[in-house]
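# Summary of the model geometry
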Amino acid sequence: MTKFFGIEVIMVMGITDIDDKIIKRASEMNMSPVALARIYEEDFKQDMAALKVLPPTVYMRVTENIPQIISFIETVIANGQAYATSQGNVYFDVKSWGKRYGVLTTVSSDTQDEAVNTDKRHVKDFALWKAAKPQELCWTSPWGKGRPGWHIECSTISSAVFGKQLDIHTGGIDLAFPHHENEIAQCEVYHQCEQWGNYFLHSGHLHVKGSQEKMSKSLKNYITVKDFLKKFSSDQFRMYCLRSRYSSAVEFSDKSMDDAKNLLQAISSFIKDANAYIKGQLISDPVREDILWERLANTKVTVKAAFADDFDTSRAVAAIMDLIHHGNRQLKAVTKDAGSPRSSVVYGSIISYIEGFFNALGMSFGERQVALRADNSTVLSNVIDELVQFRTKVRHYALVLPEAAETAPVEGDAGAKGSKREEKEKRQQLMQDRRPLLEACDSLRENLAAFGIHIKDRAALSTWEMVEGGGQAEQQAQEKT
Ligand SMILES: Nc1ncnc2c1ncn2[C@@H]1O[C@H](COP(=O)(O)OP(=O)(O)OP(=O)(O)O)[C@@H](O)[C@H]1O
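The present account deals with the structure reproduced in this document. (Residues numbered from 1 in each chain as written. Predicted model: local features only at pLDDT ≥ 70, side-chain atom pairs only at ≥ 80, totals over all residues. Heavy atoms only, no water.)

With that out of the way, let us pick up the site of the ligand. Around the ligand sit Lys21, Gly172, Asp174, Leu175, Gly204, His205, Leu206, Lys214, Met215, Ser216, Lys217 and Ser218, and those are all the residues in its vicinity. A distance of 3.3 Å is found between an oxygen atom of the ligand and a backbone nitrogen or oxygen belonging to glycine 172. Here an oxygen atom of the ligand and a side-chain polar atom of lysine 214 are 2.4 Å apart. Coverage of the ligand by the protein amounts to 65% of the 610 Å² it exposes when considered alone. In terms of residue class, the shell around the ligand is built from three nonpolar, five polar and four charged. (Near = heavy atom within 4 Å. Polar contact = N/O pair within 3.5 Å; in protein donor to acceptor, adjacent residues only side chain to side chain. Areas by Shrake-Rupley, 256 points an atom, 1.4 Å probe, with all protein chains shown as cover. Nonpolar A, V, L, I, M, F, W, Y, C, P; charged D, E, K, R; others polar.)

Before going further, it helps to spend a moment on the pattern of salt bridges. This model, assessed by the stated rule, comprises 34 salt bridges. For the salt bridge of arginine 38 with aspartate 17, the shortest nitrogen-to-oxygen distance reads 3.2 Å. Placement of arginine 38 in helix H3 (residues 33–50) and of aspartate 17 in the loop between strand E1 (12–15) and helix H2 (20–29) is noted, with a sequence separation of 21 residues between them. Judged by its relative accessible area of 28%, arginine 38 falls in the partly exposed class. Note that arginine 458 and aspartate 273 form a salt bridge whose closest N and O atoms lie 2.5 Å from each other. (Salt bridge = Lys/Arg side-chain N within 4 Å of Asp/Glu carboxyl O. Helix = DSSP H or I, 4+ residues; strand = E, 2+ residues; numbered from the N terminus. Buried < 20%, exposed > 50% of the residue type's maximum accessible area, 1.4 Å probe, protein only.)

Moving on: the packing of helix H6 (residues 150–162) against helix H7 (residues 176–191). Viewed as axis vectors pointing N to C, H6 and H7 meet at an angle of 50°, and their least axial separation amounts to 9 Å. With respect to H7, the axis of H6 lies oblique. Like other packed secondary-structure pairs, H6 and H7 cross with a definite hand, here right-handed. Of the residues in H7, those in contact with Trp150, His151, Ile152, Cys154, Ser155 and Ser159 of H6 are Pro178, His179, Asn182, Glu183, Gln186, Cys187 and His191. Of the residues contributing to the contact of H6 with H7, the split by class is five nonpolar, seven polar and one charged. (Axes fitted to C-alpha atoms, helices over the stretch in contact; angles between N-to-C directions. Parallel < 35°, antiparallel > 145°, perpendicular 65-115°, else oblique. Left-handed = near helix turned anticlockwise from the far one by under 90°. Contact = heavy atoms within 4.5 Å.)

With that out of the way, let us pick up the side chain of threonine 463. When you line up the elements, threonine 463 lands in strand E12 (residues 461–466). On the basis of relative accessibility, which here comes to 9%, the residue threonine 463 falls in the buried class. Polar side-chain contacts of threonine 463 include one of 3.3 Å to the side chain of arginine 458. When sequence neighbours within four positions are dropped, the list of residues in contact with threonine 463 reads Ala276, Gln281, His454, Ile455, Lys456 and Arg458.

By themselves, these figures tell us nothing about what the structure is for.
Laid out in structure tokens, this is it:
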């Protein structure tokens, strides 16, 4: 939103650092629930940083907002929509809230059932305040010792920052009901307003291939972010996500990750080639600049329209890939430089736009990516540059024989026949002598490929690129440098 539409975003992330599961685990581990929650909070933040997810403007913990939560509940009771029980619980009265309940998911508030085995009036009533069980972490309130219910935390934290109007609320699709429905009900009662949240953006679930169930902790069918990042990069993860709309369910499989990797590779290759073309290391037939300028302009329009249409990232990526396809099509590498003018500016504009697009999405390509990495990677990049230039000179020397060796003798000249034979023998001898140099060039190219460094020979010139996640060997190579 900020980078594509220039909208200033203030994002608040609530941290639930007290709930039934945290209390249960903390008591098993004989530690305080708040301390246990801090450990996981830190772990979560590190995982997000490793995935290059931008942090919110502020994190707000539930345990640091208890007085605000109590005062919020008092207002909901005062506005006639919640009741306290003799057991020290406070519930939201869903039934009397009536038809306004269920705007997101069309869940009805109607229920004739009396709630059984509980002090609620109706089954759908939900807890705003829960009386503490013995030994549980609790806070003093007008209704006795207890702790907040889950839904009230988010309503309070959001209202404390944004007041009575929230632009966008996000969360997984499983949170639409009951969590978000309940938040809406509480906030509209608290603020006495008709509509508290303007948009709810629900993200679709991640599934493991072949499983009907979503990936989840309790089903134990999950992959941790740390394990994932041992095999894949954050860019690969992002490309995988971008290929479907945020609201759809996505399936995780080796195939889907390979597809993401291949797209990244195609983009990276195009940027390298276009860079090489601009620098004169790749010679091409004349380029239809008018076609490329038009494609670039159309892509910009399509990308903006796709993002404006509920962040249709897959359409935006498809438009970028189409631009790359046309960019590649126009780059017709030839071996001899016919001296045609180079269309550097249009390729420069395309590279700049594509890099800007992916940078806005937290990804980076090409030489700039290398420059942004740790210092030793920049050194590695310069060393490879030197090595490839040296290899280019050696190859050129081995491939291009001296002029005299190529000169054809004049016909009918007897002396020339002998000289022709001599020339031929000399030429063969030279080729023979220089063959080890070509073999050495080939083996260097093959050996570096094992480290993810790909040298491309284009007639007498060569370019190189580093394939991201080129495997263990690449990592070892970087460690050696
Ligand atoms: N498979 C999934 N894909 C995308 N988002 C998810 C997925 N599972 C949970 N979420 C989101 O992650 C957040 C935390 O959810 P939650 O703790 O319920 O996850 P969970 O793994 O299903 O937990 P549990 O199995 O203990 O219920 C919520 O915002 C939820 O919408």
